[in-house]
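Geometric and topological summary
One letter stands for each residue in the lines below.
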Amino acid sequence: MARTNVKAAVAPSARSKRELILRLAAEEFGRKGFDATKWATIAESAGIGSTALYHYFESKTHCLFTLMLESYERWYRTWSECLDNTDDPLAAIEAAVSASFRVTEAETVQARLLFNEQGKLSTLKATGREQKVRAEALRVSRRIEALWVDYLTAAMAAGHLPARDPRLLAHAVIGLLQSVWAWYRPSGKYTLAELDAFYAANVRAMILTA
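The shown structure was predicted, so the numbers you read here are calculated from the model rather than taken from an experiment. (Residues numbered from 1 in each chain as written. Predicted model: local features only at pLDDT ≥ 70, side-chain atom pairs only at ≥ 80, totals over all residues. Heavy atoms only, no water.)

Our focus in this paragraph is the overall build of the protein. The helix and strand tally for the protein stands at ten helices and zero strands. Taking the principal axes of the C-alpha coordinates as reference, the protein spans close to 60 × 40 × 30 Å. By the burial criterion, 47% of the 210 residues in the protein qualify as buried. Relative to all contacts within the protein whose residues are 6 or more apart in sequence, the contacts with residues 24 or more apart total 72%. Approximately 10,600 Å² of the protein is accessible, and the part contributed by carbon and sulfur atoms is 53%. Across the protein, the 27 positively charged side chains and the 23 negatively charged ones have centroids separated by 7 Å. (Helix = DSSP H or I, 4+ residues; strand = E, 2+ residues; numbered from the N terminus. Buried < 20%, exposed > 50% of the residue type's maximum accessible area, 1.4 Å probe, protein only. Contact = heavy atoms within 4.5 Å. Areas by Shrake-Rupley, 256 points an atom, 1.4 Å probe, with all protein chains shown as cover. Lys, Arg positive; Asp, Glu negative; His and termini not counted. Charge placed at Lys NZ, Arg CZ, Asp CG, Glu CD.)

Here we take up helix H4 (residues 60-82). For H4, spanning 23 residues, the distance from its first C-alpha to its last is 34 Å, which sits close to the expected 33 Å at 1.5 Å a residue. With respect to burial, H4 is a largely interior element, 18 of its 23 residues being buried. The residue sitting at the N-terminus of H4 and contributing the capping side-chain oxygen is Ser-59; that oxygen lies 3.3 Å from the backbone nitrogen of Thr-61. (Expected span 1.5 Å × (residues − 1). Polar contact = N/O pair within 3.5 Å; in protein donor to acceptor, adjacent residues only side chain to side chain.)

Now for the nonpolar core. Formed by 67 residues in total, the largest nonpolar core has its most connected members in Trp-79, Ile-93, Trp-148 and Ile-207. Of all the secondary structure elements, the ones that give two or more residues to this core are helix H1 (14-32), helix H2 (39-46), H4, helix H5 (89-100), helix H6 (105-117), helix H8 (128-157), helix H9 (166-183) and helix H10 (192-208). No other element matches the twelve residues that H8 contributes to this core. Not counting chain neighbours up to four residues away, the residues in contact with Ile-207 comprise Leu-90, Ile-93, Leu-152, Leu-161, Pro-162, Arg-164, Leu-169 and Val-173. (Core = buried A, V, L, I, M, F, W, Y, C linked by side-chain atoms within 4.5 Å.)

The subject of this paragraph is the environment of His-62. Relative to the helices and strands, His-62 resides in helix H4. With 48 residues separating them along the chain, His-62 and Gln-110 place their C-alpha atoms 15 Å apart.

Moving on, we get to the packing of aromatic side chains. Counted according to the given criterion, the structure contains nine aromatic pairs. Measuring from ring centre to ring centre gives 5.1 Å for Trp-75 and Trp-79, while their planes differ by 25 degrees; the resulting arrangement is stacked. Placement of the pair is Trp-75 and Trp-79 together in helix H4, with a separation of four residues, close to one helical turn. Across the pair, Trp-79 and Trp-75 agree in class, each one buried. Taking the centre distance of 5.6 Å and the plane angle of 80 degrees together, the rings of Trp-79 and Trp-148 count as edge-to-face. Taken together, the positions of Trp-79 in helix H4 and Trp-148 in helix H8 put the pair 69 residues apart, joining distant regions of the chain. (Phe/Tyr/Trp six-rings, centres within 6.5 Å; stacked < 30°, edge-to-face > 60°.)

Without other data, these values stay purely geometric and don't point to any function.
As structure tokens, then:
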């Protein structure tokens with residue numbers, strides 16, 4: 001992805017500056033990898049000094065955990081809205097799959113980052129604000145798992161879906177939908193609409209297989 005020239009777009013408010021830093025960090029982490037990205041490079045791209053960067057984030061790790069938390073929260077909101085329908089679980093699950101592909105280019109970058117780097121939530125040491133965001137990201141990830149497990153369990157108990165191991169099935173669906181972003185590129189061979197159709201059909205088959 002081409003690096004964004006954003007110096008002229010820097011907004012004066014602290015909130016917009018923070019959002020700018022997050023957007024640039026997601027691009028840099030996604031393009032170079034988290035470990036290879038220099039914290040000072042993000043400061044330079046944002047048009048601020050390295051010292052000023054610490055006003056918004058304690059460290060590069062704190063920034064990464066914040067991006068991961070935002071991704072998890074977005075997935076939770078998207079899927080919980082779709083899985084609110086208990087009358088037709090299969091339609092609700094297909095809606096959740098389709099909603100997964102209604103994303104902006106920036107969101108695909110962040111989703112790729114989450115998939116590639118989510119192991120760091122368990123392996124990187126954190127303190128202070130880093131640890132607070134890390135703990136919240138892990139909490140939301142568990143809420144996502146519980147959302148799918150509880151929904152599938154209830155649908156199976158009501159006889160709407162074949163009885164399976166709901167936890168194993170939930171992990172299979174979540175993993176399948178999140179793994180797309182490891183290889184998908186907006187300029188690549190497949191459109192989001194094509195992915196929607198393909199994955200909806202395959203998730204449906206997986207859900208209905210007894």
